[in-house]
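Residue-level listing of the chains:
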There are 2 protein chains.
Amino acid sequence: MSSAPGRRTGLLFVLSAPSGSGKTTLMARLQRWDRRLVRSVSMTTRGPRSGERHGREYWFVTPSRFAAERRRGALLEHAQVLQHWYGTPRGGIEAARRRGRDVLLGIDVQGARQIKRSGYPAVSVFIQPPGVLALRRRLQGRGTETPAQIRARLALARRELRCVPEYDYVVVNDRLDDAVAQLEAIIMAERCRVRPAWL
Amino acid sequence: MSSAPGRRTGLLFVLSAPSGSGKTTLMARLQRWDRRLVRSVSMTTRGPRSGERHGREYWFVTPSRFAAERRRGALLEHAQVLQHWYGTPRGGIEAARRRGRDVLLGIDVQGARQIKRSGYPAVSVFIQPPGVLALRRRLQGRGTETPAQIRARLALARRELRCVPEYDYVVVNDRLDDAVAQLEAIIMAERCRVRPAWL
C-alpha cells in the first residue's frame, strides 16, 4: 500500500466486543475525540433496526449482492453471525489509510480473526464487558432483542471472551470514561509505534 | 518472575534520548501524573553534577565498586559513555515489578540495546529531540557542559538517532506537553496490552 510522500499511512483499529458491551457508544466517543478518525461501515444482510440508516450503521444489502461483493474480493473479511452475513468493504478502508486517516472497524470475533490471519496490518482491541450480569442488563435496557435473542447473545459473548488472547489489547468497559480514555491512549500510542516502512 | 496472586506484575519502560532532549523533565512529569510509577536509579562512576544527590539522580560509585556489582550479576545492563560507566541495578526493578509497580528507566542507547538483547521484558521508547539545532540550544542553556563536551554530545546524538528502529515507540519532544501526553498514552496502552501469562 503506498501513500503520499511525507504523509503517514493511516492505521486500522479493529474493535471487537460481545454485543451490548458498549462498542457503538465507545466508537462514537472516539470520533468526537478525534474527528479525523474514519469509521468503516460494514455490509450486512440483516435488516435495519429502528433508527439505523443505510450507509451509516451498515450497508444493508441482499444476500445475492453480498455474495457478489465477496466473489470479486471486495471484502476484507466476512462472517456469518446468528444467520446473517457481515462483511467489511476493503475499498473505503484503503482509501482512508492512503489519505493518512486512521480507521475504526467494529467487528465480531470471527471477522477480527480473519483479518489477523489475512496478514492485513491492523491493531486489534477487545472490549470486554464488566461481566455477564451487566451485559444482560444492557441488552435488556436496549430493548431491541427478544428474550431468546438475548440468551443467544449471552452464549455468544461467553464464547467470544475466550478469544481475548488473539487480540493486541483488551479494554474492560466497566466505567465508560475509563474505557474511552484507554482506547484514546491505545490510538495515540500506536501512532508513536516504530513500524517497518512498508506498513 | 512471579507476582502476588491477582496482582499484575509491573512493566519496565525503557526511555532513551540523546542528552538534552528533555528526558529528565519528561520522567519527572510522568511521575507527577502517576505517583505509583517507580523510577529506576542507575549506578555510575561519573561524578555528581551540582544539585545531584546520591541515590536520587544516580548511585555514584567508584570504578572498583561498579566492577564488583557487575561481576556478581547485579546489573541488568552496563555501558561506557564518554569515559564513564553506567549500569542498572536489577534488584530494585524486580522488587518494584513484583509489587505490581511499573518502572521507568532512563538509559542511553547502548543500555537499551543490551536490555533488549538480554530478553528482559521491557517496553522501549526513544525520545527524539526536534532537531540538532534545538538540542544544541538546550545543552547550552543547561550550562553544565564545555563547548567540547557539547560537540561530543551532539555527535553522539546524531549516532543515536539511527537507533530508532530498535525501539518499540518514538516520541518527538517538540512541544513538552504533547510529548508528555504521548508517553502517558504509551504507558496506559501497554497496561491494556494482551500478554502471555508468564510476562
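Owing to the predicted nature of the structure, the values given are computational and were not obtained by experimental measurement.

### Observations regarding the sheet that holds strand β7 (residues 103-106) of chain A
Residue and element names in this part refer to chain A.
Here comes step 1: Ordered by their spatial adjacency, five strands build an open sheet running β2-β7-β1-β8-β9, and the pairing between neighbours is parallel. For this open sheet the edge positions go to β2 (38-39) and β9 (169-172), each flanked by a neighbour on one side alone.
Here comes step 2: Pairing of β2 with β7, which is carried by two bridges, proceeds in the parallel orientation. Of the residues in β7, the one forming a bridge with V38 is V103.
Here comes step 3: This element, helix α4 (residues 109-118), spans β1 (12-16) and β8 (123-128) of the sheet and lies at about 150° to β1.

### Some points on helix α7 (residues 176-192) of chain A
Here comes step 1: In this model, α7(A) (17 residues) spans 25 Å end to end at C-alpha, consistent with the 24 Å of a helix rising 1.5 Å per residue.
Here comes step 2: For α7(A), the full list of buried residues reads A:A179, A:V180, A:Q182, A:L183, A:A185, A:I186, A:I187, A:A189, A:E190 and A:C192.
Here comes step 3: On the buried face of α7(A), the contacting elements are β1, α1 (23-33), β8 and β9 of chain A together with β9 (169-172) and α7 (176-192) of chain B.

### Describing the nonpolar core
Here comes step 1: Formed by 66 residues in total, the largest nonpolar core has its most connected members in A:F13, A:V125, B:F13 and B:V125.
Here comes step 2: What B:V125 contacts, discounting residues up to four positions off in sequence, is B:F13, B:V14, B:L15, B:Y167, B:D168, B:Y169, B:V171, B:L183 and B:I186.

### Things to note about the pairing of strand β6 (residues 84-89) of chain B
Residues and elements named next belong to chain B.
Here comes step 1: Both strand β3 (residues 42-44) and β6 contribute to a ladder of two bridges, which runs antiparallel. Bridge pairing in β6 places T44 opposite Y86.
Here comes step 2: Note: strand β5 (residues 75-81) against β6, five bridges, orientation antiparallel. Bridge pairing links Q80 to W85 in β6.
Here comes step 3: Between β5 and β6, which pair antiparallel one after the other, the connecting turn spans two residues, and L82 there sits at a positive phi close to 50°.

### Concerning the relation of the copies chain A and chain B
Here comes step 1: When chain A is fitted to chain B, the residual RMSD is 0.0 Å, and the transformation amounts to a turn of 180° plus an axial shift of 0.0 Å. Look at the turn and shift together and you get a two-fold axis relating the two. Judged by C-alpha distance, A:A185 is the residue of chain A that lies nearest the rotation axis, at 2.1 Å.
Here comes step 2: In this assembly, 100% of the residues forming the interface of chain A have copies in chain B that are likewise at the interface, indicating an isologous arrangement.

### Observations regarding the sheet that holds strand β2 (residues 38-39) of chain B
All names here are of chain B.
Here comes step 1: Read across the sheet, five strands follow the order β2-β7-β1-β8-β9 without closing on themselves; strand pairing throughout is parallel. Since the sheet does not close on itself, it has two edges, and those belong to β2 and β9, each with one partner.
Here comes step 2: Note that strand β1 (residues 12-16) and strand β8 (residues 123-128) share four bridges and pair parallel. Considered in β8, the bridge of F13 is made with V123.
Here comes step 3: Across the sheet, helix α3 (residues 90-98) is in contact with β1, β2 and β7 (103-106); its angle to β7 comes to roughly 155°.
Here comes step 4: Across the sheet, helix α4 (residues 109-118) is in contact with β1 and β8; its angle to β1 comes to roughly 150°.

### Considering the interface of chain A and chain B
Here comes step 1: The interface is formed by 15 residues belonging to chain A together with 15 residues belonging to chain B.
Here comes step 2: Put simply, the parts of the chain that give the side of chain A that touches chain B at least two residues each are β9 and α7 of chain A.
Here comes step 3: With six residues, α7(A) is the single largest residue contributor to the side of chain A that touches chain B.

### Describing the confidence of the model for chain A
One rule of thumb: low pLDDT means the predicted coordinates there are not for detailed reading.
Residues and elements named next belong to chain A.
Here comes step 1: Per-residue confidence for chain A gives a mean pLDDT of 88; residues scoring 70 or more make up 93%.
Here comes step 2: Considering only residues more than four positions removed or in separate chains, one finds that residues 1-6, a stretch of pLDDT under 50, has seven contacts.
Here comes step 3: Interface confidence for the predicted complex, given as ipTM, is 0.80, next to a pTM of 0.82.

### Remarks on the packing of helix α1 (residues 23-33) of chain B against α7(B)
Residues and elements named next belong to chain B.
Here comes step 1: Running from amino to carboxyl end, α1 crosses α7 at an angle of 55°, the nearest separation of the two axes being 10 Å. Here α1 lies oblique to α7, going by the angle between them. Read as a crossing pair, α1 and α7 show a hand that is right-handed. Where α1 approaches α7, its residues T25, L26, R29, L30 and W33 are matched on the opposing element by L176, A179, V180, L183 and E184.
Here comes step 2: Tallied by class, residues from the contact of α1 with α7 come to seven nonpolar, one polar and two charged.

### Remarks on the packing of α7(A) against α7(B)
Here comes step 1: Contact pair α7(A) / α7(B): the axes reach a minimum separation of 7 Å and the direction vectors enclose 110°. The angle between α7(A) and α7(B) places the two elements in the roughly perpendicular class. Considering only the axes of α7(A) and α7(B), their crossing is left-handed. Contacts between α7(A) and α7(B) involve A:Q182, A:A185, A:I186, A:M188, A:A189 and A:C192 on the former and, on the latter, B:Q182, B:A185, B:I186, B:M188, B:A189 and B:C192.

Rules used in this analysis
- Residues numbered from 1 in each chain as written.
- Chains lettered and ligands numbered in written order.
- Predicted model: local features only at pLDDT ≥ 70, side-chain atom pairs only at ≥ 80, totals over all residues.
- Pairing = 2+ DSSP bridges.
- Helix = DSSP H or I, 4+ residues; strand = E, 2+ residues; numbered from the N terminus.
- Contact = placed C-beta atoms within 7 Å.
- Axes fitted to C-alpha atoms, helices over the stretch in contact; angles between N-to-C directions.
- Expected span 1.5 Å × (residues − 1).
- Buried ≥ 20, exposed ≤ 12 C-beta atoms within 10 Å, placed from the backbone.
- Core = buried A, V, L, I, M, F, W, Y, C linked by C-beta atoms within 7 Å.
- Least-squares fit on C-alpha atoms with pLDDT ≥ 70 in both.
- pLDDT = per-residue confidence, 0-100.
- Parallel < 35°, antiparallel > 145°, perpendicular 65-115°, else oblique.
- Left-handed = near helix turned anticlockwise from the far one by under 90°.
- Nonpolar A, V, L, I, M, F, W, Y, C, P; charged D, E, K, R; others polar.

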